[in-house]
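The primary structure of each chain is shown beneath.
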Amino acid sequence: MRDCNPSTQLSRIKGTGRGRSTHLHSNAGSVMSAVEQQPADASLSSNSSSSFEVIEADAANKYEAVVPHWFYCKVTDSRERWIPFSTQDSEKLEAAQKMRKDDEELVVPISGGRYDVHLKQRQCYAVYWEEEVSEVRRCTWFYKGEKDNKYVPYLESFSEELEEAYMIAVTLDEWKKKLESPNREIIILHNPKLMVHYHPVTVSDDWGSSSAEQGRPRTVKRGVENISVDIHSGEPEQIDHLVFVVHGIGPACDIRFRSIIQCVNDFRAVSLSMLQAHFKKAQEQQQIGRVEFLPVNWHSRLHSTGVDVDLERITLPSINRLRHFINDTILDVFFYNSATYCQTIVDTVASEMNRLYLLFLQRNPDYKGRVSIAGHSLGSLILFDLLTNQKASSEDEDGKEKESQTGARHGADASSVKEILEKLKLSEYSTVFEKERMDRQALLLCTEQNLKDMGIPLGPRMKILHYISSERETQVSANYPQLIYKPAIFFAFGSPIGMFLTVRGVKRIDPSYSLPTCKGFFNIFHPFDPVAYRIEPMIVPDMEFEPMLLPHHKGRKRMHLELKEGLTRMSMDLKNNLLGSLRVAWQSFTRAPLPAVEAASTESETESQNCSDGQTEVKPNEPPAAAKEEASPINVGMLNGGHRIDYVLQEKPIESFNEYLFALQGHLCYWESEDTVLLVLKEIYQTQGIMLDQPLQ
């Protein structure tokens, strides 16, 4: 890194006498003499007006070194795009660059520890997932690109040449400097505010000869503060909670066909803005930092098994793009229902989450927080099946209680072989299975021949085989691996868990059932999501009740929903009043003459009715009976610790015009949904005793 001190640079230029443009050599001595003579000239001047002129000239010609900012290059569809690091990361890289020796290789973690920058190589590597290596550049000078008008940084070496020329021009107040870039492009410094870059254009004449002409000039800027670019301040260093996010079918996760990595980046960015908006007090008191979200990719591992080659051989050549899309996305659902590929998927998800967890602890040895998991679409079903097959440790406070919950007959039964035999009234054969070291997973893999070889008679053998077949119907047969941590909360976005359980033959989930190692479970969905299904009706099938409406992140309901409810209420009131009036009129026409006693009783009833009406008018703030019933808690079992499970988002005003038009968008909206992110943050920090600044209504 070069020294930007004017006197140092000028003396070096004067001493070397080579390696720069001719105009730099001719002016180097003049710059030195001007710098040395300015104080003497100012002291010899006896006229006060001339002194002021010298001071003004000194102020005008004062050179200030440019402040560098670090950028990295992203290549998308063969197009380069230079993106600035956050202010926090740029300052970190600049400090490391100043400390680094010439041949020393320093690795600087940036972006919350998700990337590492190798300063000597000037390259950026992803830590937790596979990604193309990005070029890193220390940037001071920029020129405007041709196509998208985005500013592109010059090479570091050429930026230093531009900075030296700019320093000489400012000090001597001599402009119109012309430099030639390594690509033989011309840069002219007209004045501090007008600097242009000429790109040569090759023009061919009728005879086939070509000549280079100057193309349209492009703007040149010095310093990142003079270009239009969004630079974020950075992320809090403290990590309070870790969340693994598992994607659904296909490699693309949203309507823009972006990967799970890009979608989780958006989810993380929204969480940072929600923390600043709704947890401001806790941030000011330094009670919280941030939540880290890491993506878990299983699609690439599944399709690297060679199954795509097998599918390609049998795929018809017509409507090629549609068939390729189906093979790459929709077939993931069938793969998960296949015993062979289901094992590959669950092994990949579990091993990847365990690997990420260990790597995270290695890079954050002081981390004491907990872990949660989130799944979108099919990813939520994969996580649900994994969680239902986790083994609760003996250290668990509720371990004994969970082991006795054999009534949850939906494939999530974690009972032992001994308990299974007791339920089948075959306890006398427990010693046979213990001798063979048989656990529940091994039992479900047994065939009739295996049981016959163990010496089990025909009658008990048929009972055991019937139990095995019924269990296989409720869940895909797979050996579910164990996670090395206990998740705090499980979030499902746009989840088909309810549908898959129903298809597997599950009609009801026992209210006493809970996931063996996870206390919390939230099923979040958009009202128009065609893939999402509810969970609560499977726990409480005899009651009809609406899912919990997620409040808008700015408070209250969306205006169009309040208007719709108001109009619905108004129409119901008008309908009831009209029917009541017609009923009274019909009774007055058809009523026969009544005795005096009945008339008196009628009057007393009328008076009591008037009194009740008067009481209603005296207490206008008392909620109606329907509101009271809604306010009463609904018992939805222990799957979420006794709390509600189903949460529905509020649709946007434009989405309410046509449900079918926005159905696909409804399934892919969760990554940028502030309401979804806020619920996730609220529930995570609630486990730490930290609440929102103001509760949303």
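This text follows the structure it describes.
Residues numbered from 1 in each chain as written. Predicted model: local features only at pLDDT ≥ 70, side-chain atom pairs only at ≥ 80, totals over all residues. Heavy atoms only, no water.

Visitor: Describe the overall build of the protein chain, and please don't skip the residues or the numbers.
Guide: The helix and strand inventory of the protein chain stands at 25 helices and 21 strands. Taking all 697 residues of the protein chain together, the buried fraction comes to 43%. Summing over all exposed atoms, the protein chain offers an accessible surface of approximately 39400 Å²; the carbon and sulfur share of this is 53%. (Helix = DSSP H or I, 4+ residues; strand = E, 2+ residues; numbered from the N terminus. Buried < 20%, exposed > 50% of the residue type's maximum accessible area, 1.4 Å probe, protein only. Areas by Shrake-Rupley, 256 points an atom, 1.4 Å probe, with all protein chains shown as cover.)

Visitor: Break down the nonpolar core for me, citing the residues and quoting the values.
Guide: Phe-244, Met-353 and Phe-490 are the most contacted members of the largest nonpolar core, which has 111 residues in total. Considering every element that reaches this core, the biggest residue donor is helix 11 (residues 339-363), with ten residues. A domain split of this core shows at least three residues from each of domain 1 (69-201 + 214-222) and domain 2 (239-390 + 481-554 + 641-688). Apart from the residues within four sequence positions on either side, Phe-490 is in contact with Ile-373, Gly-375, Ser-380, Leu-383, Phe-384, Leu-387, Ile-497, Leu-515, Cys-518, Gly-520, Phe-521 and Phe-522. The next biggest cluster of nonpolar side chains, apart from the first, holds 19 residues, and it includes Trp-141, Leu-162, Ala-165 and Trp-175. (Core = buried A, V, L, I, M, F, W, Y, C linked by side-chain atoms within 4.5 Å. Domains from an automatic or database assignment. Contact = heavy atoms within 4.5 Å.)

Visitor: So, the pairing of strand 19 (residues 520-525): which residues are in play, and what are the values?
Guide: For strand 19, a buried count of six out of six residues is recorded, marking the element as mostly surrounded by other parts of the structure. The alternating pattern of strand 19 places Gly-520, Phe-522 and Ile-524 on one face and Phe-521, Asn-523 and Phe-525 on the opposite face, and all of these are buried. In the sheet, strand 18 (residues 489-493) pairs with strand 19 via five bridges, with the strands oriented parallel. Within the sheet, the bridge partner assigned to Phe-491 lies in strand 19 and is Phe-522. For the crossover that starts at strand 18, traverses helix 19 (residues 497-503) and ends in the parallel strand 19, the hand is right-handed. Of the strand pairs in this sheet, strand 19 and strand 21 (residues 646-648) are connected by three bridges, and their pairing is parallel. Bridge pairing in strand 21 links Asn-523 to Asp-646. (Pairing = 2+ DSSP bridges. Right-handed = clockwise from strand over helix to strand, strands pointing away.)

Visitor: Report on the sheet that holds strand 18, specifying residues and quantitative values.
Guide: Read across the open sheet, the seven strands follow the order 16-15-17-18-19-21-20; overall the sheet is parallel. Only two strands of the sheet have a single neighbouring strand rather than two, namely strand 16 (290-296) and strand 20 (548-549). The sheet strands contacting helix 11 are strand 15 (239-246), strand 16 and strand 17 (370-376), and the helix crosses strand 15 at an angle near 155°. Sheet strands in contact with helix 25 (residues 674-686) are strand 15, strand 16, strand 18, strand 19 and strand 21, and its direction is about 170° off that of strand 18. (Axes fitted to C-alpha atoms, helices over the stretch in contact; angles between N-to-C directions.)

Visitor: Provide a residue-level description of the packing of helix 10 (residues 320-336) against helix 12 (residues 378-388), including the pertinent values.
Guide: Where helix 10 contacts helix 12, the axes come no closer than 11 Å and their chain directions differ by 15°. Considered as vectors, helix 10 and helix 12 are oriented roughly parallel to each other. Crossing of helix 10 over helix 12 shows left-handed handedness. Residues Asp-332, Val-333 and Tyr-336 of helix 10 touch helix 12, and the partners they reach there are Leu-378, Leu-381, Ile-382 and Asp-385. (Parallel < 35°, antiparallel > 145°, perpendicular 65-115°, else oblique. Left-handed = near helix turned anticlockwise from the far one by under 90°.)

Visitor: Talk me through the sheet that holds strand 8 (residues 151-153); I want residue IDs and the actual numbers.
Guide: The strands that make up a sheet are held in pairs by hydrogen bonds between backbone atoms, and each pair lies either parallel or antiparallel. With respect to topology, six strands assemble into an open sheet ordered 8-7-14-11-10-9, the strand pairing being antiparallel. In this open sheet, the two edge strands, each paired with only one partner strand, are strand 8 and strand 9 (177-180). Taken pair by pair, the neighbouring strands of this sheet meet at an average axis angle of 30°, ignoring direction. Relative to strand 8, strand 7 (residues 141-144) is paired through three bridges, and the arrangement is antiparallel. Looking across to strand 8, one finds that Lys-144 is bridged to Tyr-151. Each of strand 7, strand 9, strand 10 (186-191), strand 11 (194-198) and strand 14 (218-222) touches helix 5 (residues 156-172); the most contacted strand, strand 9, lies at about 170° to it.

Visitor: Describe the pattern of salt bridges, with residues and values.
Guide: Inspection of every chain in the model, using the stated rule, returns 28 salt bridges. One salt bridge connects Glu-235 with Arg-290, and the closest N-O pair in it is separated by 3.3 Å. Residue Glu-235 is located in the loop between strand 14 and strand 15, and its partner Arg-290 is located in strand 16; the two are separated by 55 residues in the primary sequence. Note on accessibility: Glu-235 and Arg-290 belong to one class, buried. (Salt bridge = Lys/Arg side-chain N within 4 Å of Asp/Glu carboxyl O.)

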